[in-house]
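# A structural walkthrough
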Amino acid sequence: MKCVGCTQGKLASSAVLSNLYAMGVTECDNMLMHVGVSQKMSDKERDAVLPLLATGFKVSASATSQPKHMKILALCVESKVGMT
């Protein structure tokens, strides 16, 4: 079975780097993974999912030999977007 969390992290990293490359940026020294986490997630769910996302993000970014420094920032938020 494929690691969905890892895949999502890889997609996030690829999207960030793709946008940078599209703007003509050729080097990236730092990346920050900014994650919004619903307050409805239990601690157990959050503790299981976030490391997988972070792993996928780091694996994808490291495959490009960039960046040298990565940080993961997780915020607990309750989004009302799309809710009726």
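Structure: see above.
Not measured: the values here are computed from a predicted model. Within each chain, residues carry numbers counting from 1 in the order of the written sequence. Per-residue local features are limited, in this predicted model, to residues with pLDDT of at least 70; the limit for side-chain atom pairs, both in listing and counting, is 80 or more; totals at the level of whole chains, interfaces and linings are taken over all residues. Hydrogens and waters are ignored; side-chain quantities use all the structure's heavy atoms.

### Description of the nonpolar core
Nonpolar cores were defined as sets of buried Ala, Val, Leu, Ile, Met, Phe, Trp, Tyr and Cys residues, with membership established by side-chain atoms within 4.5 Å. With a 1.4 Å probe rolled over the protein chains alone, any residue whose accessible area is under 20% of its type maximum counts as buried; one over 50% counts as exposed, and the rest are partly exposed. By size, the foremost hydrophobic cluster in this structure holds ten residues: Leu17, Cys28, Met31, Met33, Val35, Val37, Leu50, Leu53, Phe57 and Ala61. Helix numbering and strand numbering both begin at the N terminus, where a helix is a DSSP run of H or I of at least 4 residues and a strand a DSSP run of E of at least 2. Secondary-structure elements contributing two or more residues to this core are β1 (30–38) and α2 (43–62).

### A closer look at the pattern of salt bridges
Here, a salt bridge means any side-chain nitrogen of Lys or Arg that lies within 4 Å of a carboxyl oxygen of Asp or Glu. Counted according to the given criterion, the structure contains two salt bridges. Measuring nitrogen to oxygen at the nearest pair gives 3.0 Å for the salt bridge that ties Asp43 to Arg46. Taken together, the residues Asp43 and Arg46, both in helix α2 and three residues apart, mark about one turn of the helix. For Arg46, the salt bridge identified is with Asp47, shortest N-O distance 3.3 Å. Using a relative accessible area of 49% as the deciding quantity, one classes Asp47 as partly exposed.

### So, the side chain of Ser60
Assignment of secondary structure puts Ser60 in helix α2. Judged by relative accessible area, which is 13%, Ser60 ranks as buried. A polar contact is formed between the side chain of Ser60 and the backbone oxygen of Lys10, at a distance of 3.5 Å. Throughout, a contact is declared for two residues whenever any of their heavy atoms are within 4.5 Å. Ignoring sequence-local partners within four residues, the contact set of Ser60 consists of Lys10, Ser13 and Ser14. Pairs of N or O atoms are called polar contacts if they sit within 3.5 Å, as long as, within protein, a hydrogen donor faces a hydrogen acceptor (for residues adjacent in sequence, only side-chain-to-side-chain pairs).

These values are about where atoms sit, not about what they do.
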